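Now for the letters of each chain:
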Amino acid sequence: MTAMDDRLGHVVKSLEQELSGAKDAVLRPMGLTVPQYSALLVIAETPGISGAELARQCLVTPQTMTTVLGNLTVKGLIERRTVPGQGRAMETTITRTGKTLLARADKKVEEVEGLLSGQLSKADQATLRKLLEKCRAAFADGKGTFAQAEAPAAARPARKAPAKKVAATRPAKKAATKKTAARAKKK
(Lines give C-alpha, C1' and ligand atoms only; values in the text may rest on other atoms or scores of the structure.)
Protein backbone atom coordinates (compact mmCIF):
# COMPACT_ATOMS: atom_id res chain seq x y z
CA MET A 1 0.00 0.00 0.00
CA THR A 2 1.38 3.41 -0.96
CA ALA A 3 1.03 6.69 0.92
CA MET A 4 -1.55 7.80 -1.68
CA ASP A 5 -3.65 4.70 -1.01
CA ASP A 6 -3.98 5.85 2.60
CA ARG A 7 -5.47 9.17 1.46
CA LEU A 8 -9.26 9.02 1.48
CA GLY A 9 -9.54 11.76 -1.15
CA HIS A 10 -7.34 9.76 -3.51
CA VAL A 11 -9.51 6.66 -3.10
CA VAL A 12 -12.70 8.65 -3.75
CA LYS A 13 -11.18 10.33 -6.84
CA SER A 14 -9.88 7.01 -8.13
CA LEU A 15 -13.33 5.42 -7.83
CA GLU A 16 -14.95 8.42 -9.54
CA GLN A 17 -12.50 8.17 -12.46
CA GLU A 18 -13.04 4.42 -12.84
CA LEU A 19 -16.82 4.89 -12.81
CA SER A 20 -16.70 7.79 -15.26
CA GLY A 21 -14.37 5.86 -17.58
CA ALA A 22 -16.68 2.85 -17.58
CA LYS A 23 -19.69 5.08 -18.34
CA ASP A 24 -17.76 6.79 -21.12
CA ALA A 25 -16.91 3.41 -22.67
CA VAL A 26 -20.59 2.40 -22.96
CA LEU A 27 -21.83 5.86 -24.04
CA ARG A 28 -19.19 6.65 -26.68
CA PRO A 29 -20.56 4.13 -29.25
CA MET A 30 -23.92 5.92 -28.96
CA GLY A 31 -22.29 9.29 -29.68
CA LEU A 32 -22.75 10.60 -26.13
CA THR A 33 -20.38 11.89 -23.48
CA VAL A 34 -20.98 11.44 -19.75
CA PRO A 35 -21.99 15.14 -19.32
CA GLN A 36 -24.38 14.88 -22.29
CA TYR A 37 -25.96 11.74 -20.82
CA SER A 38 -26.33 13.44 -17.42
CA ALA A 39 -27.93 16.48 -19.02
CA LEU A 40 -30.41 14.33 -20.98
CA LEU A 41 -31.31 12.43 -17.82
CA VAL A 42 -32.04 15.62 -15.87
CA ILE A 43 -33.87 17.30 -18.78
CA ALA A 44 -36.11 14.23 -19.16
CA GLU A 45 -36.98 14.41 -15.46
CA THR A 46 -37.35 18.21 -15.40
CA PRO A 47 -38.74 19.52 -18.72
CA GLY A 48 -38.27 23.27 -19.14
CA ILE A 49 -35.25 23.41 -16.82
CA SER A 50 -32.94 26.40 -17.27
CA GLY A 51 -29.33 25.97 -18.33
CA ALA A 52 -28.06 27.39 -15.04
CA GLU A 53 -30.09 24.96 -12.97
CA LEU A 54 -29.12 22.11 -15.26
CA ALA A 55 -25.43 22.94 -14.76
CA ARG A 56 -25.91 22.86 -10.97
CA GLN A 57 -27.68 19.51 -11.05
CA CYS A 58 -25.12 17.97 -13.44
CA LEU A 59 -22.20 19.30 -11.37
CA VAL A 60 -20.58 21.26 -14.21
CA THR A 61 -19.91 24.94 -14.84
CA PRO A 62 -22.46 27.04 -16.74
CA GLN A 63 -19.87 27.41 -19.54
CA THR A 64 -19.51 23.63 -19.86
CA MET A 65 -23.29 23.22 -19.85
CA THR A 66 -23.61 25.78 -22.65
CA THR A 67 -21.31 23.60 -24.78
CA VAL A 68 -23.17 20.41 -23.79
CA LEU A 69 -26.54 21.97 -24.66
CA GLY A 70 -25.23 23.25 -27.98
CA ASN A 71 -24.00 19.78 -28.93
CA LEU A 72 -27.26 18.11 -27.84
CA THR A 73 -29.25 20.66 -29.87
CA VAL A 74 -27.15 20.05 -32.99
CA LYS A 75 -27.72 16.30 -32.60
CA GLY A 76 -31.49 16.90 -32.40
CA LEU A 77 -31.72 15.41 -28.88
CA ILE A 78 -33.08 18.53 -27.18
CA GLU A 79 -34.96 21.70 -28.07
CA ARG A 80 -34.41 25.11 -26.51
CA ARG A 81 -36.92 27.96 -26.52
CA THR A 82 -36.84 31.44 -25.06
CA VAL A 83 -39.21 32.10 -22.21
CA PRO A 84 -41.37 35.22 -22.73
CA GLY A 85 -40.64 37.83 -20.09
CA GLN A 86 -37.53 36.03 -18.81
CA GLY A 87 -34.85 37.91 -20.75
CA ARG A 88 -32.25 35.55 -22.19
CA ALA A 89 -33.47 32.55 -20.17
CA MET A 90 -34.27 29.49 -22.23
CA GLU A 91 -36.26 26.40 -21.36
CA THR A 92 -34.92 23.05 -22.46
CA THR A 93 -36.89 19.94 -23.38
CA ILE A 94 -35.87 16.53 -24.68
CA THR A 95 -36.98 15.46 -28.16
CA ARG A 96 -38.46 12.10 -29.11
CA THR A 97 -35.08 11.13 -30.59
CA GLY A 98 -33.43 12.21 -27.33
CA LYS A 99 -35.82 10.08 -25.28
CA THR A 100 -35.12 7.03 -27.42
CA LEU A 101 -31.36 7.45 -27.16
CA LEU A 102 -31.57 8.18 -23.44
CA ALA A 103 -33.50 4.96 -22.82
CA ARG A 104 -30.75 2.93 -24.57
CA ALA A 105 -27.96 4.85 -22.84
CA ASP A 106 -29.58 4.59 -19.43
CA LYS A 107 -29.74 0.79 -19.66
CA LYS A 108 -26.00 0.67 -20.33
CA VAL A 109 -25.17 3.15 -17.54
CA GLU A 110 -27.35 1.20 -15.10
CA GLU A 111 -25.31 -1.92 -15.97
CA VAL A 112 -22.11 -0.02 -15.15
CA GLU A 113 -23.54 1.33 -11.91
CA GLY A 114 -24.71 -2.21 -11.12
CA LEU A 115 -21.05 -3.24 -10.96
CA LEU A 116 -20.59 -0.70 -8.17
CA SER A 117 -23.77 -1.40 -6.24
CA GLY A 118 -23.31 -5.15 -6.71
CA GLN A 119 -20.30 -4.97 -4.42
CA LEU A 120 -22.43 -3.77 -1.51
CA SER A 121 -25.56 -4.94 0.29
CA LYS A 122 -28.56 -2.56 0.37
CA ALA A 123 -27.67 -1.67 3.96
CA ASP A 124 -24.04 -0.97 2.98
CA GLN A 125 -25.20 1.19 0.07
CA ALA A 126 -27.36 3.25 2.44
CA THR A 127 -24.45 3.57 4.87
CA LEU A 128 -22.07 4.59 2.07
CA ARG A 129 -24.49 7.29 0.89
CA LYS A 130 -24.75 8.68 4.43
CA LEU A 131 -20.98 8.63 4.88
CA LEU A 132 -20.34 10.33 1.53
CA GLU A 133 -22.90 13.04 2.32
CA LYS A 134 -21.23 13.55 5.69
CA CYS A 135 -17.88 13.96 3.91
CA ARG A 136 -19.36 16.42 1.40
CA ALA A 137 -20.74 18.53 4.24
CA ALA A 138 -17.18 19.25 5.37
CA PHE A 139 -16.69 21.37 2.23
CA ALA A 140 -20.05 23.07 2.02
CA ASP A 141 -20.90 26.52 3.27
CA GLY A 142 -24.63 25.86 3.29
CA LYS A 143 -25.00 26.55 -0.44
CA GLY A 144 -23.03 23.54 -1.64
CA THR A 145 -19.93 25.55 -2.53
CA PHE A 146 -16.45 25.41 -1.07
CA ALA A 147 -16.03 27.83 1.83
CA GLN A 148 -13.02 29.78 0.51
CA ALA A 149 -13.37 32.46 3.15
CA GLU A 150 -12.16 29.94 5.72
CA ALA A 151 -9.07 28.98 3.71
CA PRO A 152 -5.85 30.35 5.22
CA ALA A 153 -4.31 33.26 3.34
CA ALA A 154 -1.32 31.13 2.34
CA ALA A 155 -3.66 28.68 0.58
CA ARG A 156 -5.35 31.39 -1.49
CA PRO A 157 -3.88 32.28 -4.87
CA ALA A 158 -1.82 35.44 -4.80
CA ARG A 159 -3.18 38.43 -6.70
CA LYS A 160 -0.95 40.12 -9.22
CA ALA A 161 -0.52 43.85 -8.97
CA PRO A 162 -1.92 45.73 -11.93
CA ALA A 163 0.70 46.39 -14.60
CA LYS A 164 1.90 49.96 -14.81
CA LYS A 165 1.56 51.75 -18.12
CA VAL A 166 5.16 52.89 -18.25
CA ALA A 167 6.19 51.38 -21.57
CA ALA A 168 3.67 53.40 -23.55
CA THR A 169 4.81 56.75 -22.13
CA ARG A 170 8.57 56.29 -22.55
CA PRO A 171 8.76 56.57 -26.35
CA ALA A 172 6.68 59.73 -26.23
CA LYS A 173 9.02 61.28 -23.64
CA LYS A 174 12.09 60.37 -25.74
CA ALA A 175 10.52 61.94 -28.82
CA ALA A 176 9.66 65.09 -26.87
CA THR A 177 13.22 65.25 -25.50
CA LYS A 178 14.69 64.94 -29.01
CA LYS A 179 12.44 67.75 -30.29
CA THR A 180 13.48 69.96 -27.37
CA ALA A 181 17.16 69.24 -28.02
CA ALA A 182 16.74 70.01 -31.73
CA ARG A 183 15.10 73.35 -30.93
CA ALA A 184 17.86 74.23 -28.50
CA LYS A 185 20.50 73.65 -31.22
CA LYS A 186 18.66 75.98 -33.63
CA LYS A 187 18.77 78.83 -31.15
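Before reading on, note that the structure itself is shown above.
Residues numbered from 1 in each chain as written. Predicted model: local features only at pLDDT ≥ 70, side-chain atom pairs only at ≥ 80, totals over all residues. Heavy atoms only, no water.

With that settled, consider the overall build of the chain. Each helix and strand counted, the chain has 7 helices and 2 strands in total. Ordered by position from N to C terminus, the α and β elements of the chain give α-α-α-α-β-β-α-α-α. Of all 187 residues assigned to the chain, the portion counted as buried reaches 19%. Pairs at least 24 apart in sequence give 48% of the contacts found in the chain among residues at least 6 apart. When the accessible surface of the chain is summed, it comes to about 14,600 Å², and 58% of that surface belongs to carbon and sulfur atoms. (Helix = DSSP H or I, 4+ residues; strand = E, 2+ residues; numbered from the N terminus. Buried < 20%, exposed > 50% of the residue type's maximum accessible area, 1.4 Å probe, protein only. Contact = heavy atoms within 4.5 Å. Areas by Shrake-Rupley, 256 points an atom, 1.4 Å probe, with all protein chains shown as cover.)

Take the nonpolar core next. If you look at the biggest cluster of nonpolar residues, it comprises 24 residues, and the most contacted ones within it are L32, A39, L40, I43, L54, M65 and L72. Where this core is concerned, the elements lending two or more residues are helix 2 (34-45), helix 3 (51-58), helix 4 (62-74) and helix 5 (96-117). A total of 6 residues in this core trace back to one element, the largest contributor, which is helix 2. The residues contacting A39, other than those within four sequence positions of it, are L54, C58, M65, V68 and L72. (Core = buried A, V, L, I, M, F, W, Y, C linked by side-chain atoms within 4.5 Å.)

Our next topic: the packing of helix 2 against helix 5. How two helices pack is summed up by the angle between their axes together with the distance between the axes. Interaxial distance between helix 2 and helix 5 falls to 11 Å at its minimum, and their mutual angle equals 115°. Like other packed secondary-structure pairs, helix 2 and helix 5 cross with a definite hand, here left-handed. Residues Y37, L40, L41 and A44 of helix 2 form the contact with helix 5, whose participating residues are L102, A105, D106 and V109. Considering only residue class, the contact of helix 2 with helix 5 consists of 7 nonpolar, no polar and 1 charged. (Axes fitted to C-alpha atoms, helices over the stretch in contact; angles between N-to-C directions. Left-handed = near helix turned anticlockwise from the far one by under 90°. Nonpolar A, V, L, I, M, F, W, Y, C, P; charged D, E, K, R; others polar.)

This part covers unusual backbone geometry. With the exception of glycine, the majority of residues adopt a negative phi angle, and the majority of peptide bonds are in the trans configuration. Here the phi dihedral of L59 falls at roughly 60°; this positive angle occurs in a residue that is not glycine. Position of L59 among the secondary structure elements: in the loop between helix 3 and helix 4. Residue L59 is classed as exposed on the basis of its relative accessible area of 76%.

So, on to the layout of surface pockets. One number sums up the size of the second largest pocket: a volume of about 200 Å³. Around the second largest pocket, the lining residues are G51, A52, P62, M65, T66, L69, R80, R88, A89 and M90. Looking at the lining of the second largest pocket, the elements that each hand over two or more residues are helix 3 and helix 4. For the lining of the second largest pocket, the element with the highest residue contribution is helix 4, accounting for 4 residues. (1 Å grid on protein atoms, 1.4 Å probe; cavity = no way out; pocket = protein on both sides within 12 Å on 5 of 7 lines; lining within 4 Å. Points joined across faces, edges and corners; volume = space filled by probe spheres on them.)

With that settled, consider helix 3. Along helix 3, the residues that are buried comprise G51, L54, A55 and C58. Looking straight down helix 3, one finds its buried side chains confined to an arc of 100°; they lie on one side. Of the residues trailing helix 3, L59 is marked for its positive phi of about 60°. (Arc of directions from axis to C-beta.)

A grouping of L8, V11, V12, L128 and L132 is seen on the molecular surface, where their side chains present a nonpolar patch of about 410 Å² in accessible area. Tallying contributions element by element places helix 1 (residues 8-27) first for the nonpolar patch, with 3 residues. (Patch = residues over 30% accessible without salt bridge, like charges linked within 9 Å, V, L, I, M, F, W, Y side chains within 5 Å. Salt bridge = Lys/Arg side-chain N within 4 Å of Asp/Glu carboxyl O.)

Read these as layout, nothing more, since geometry by itself doesn't imply function.
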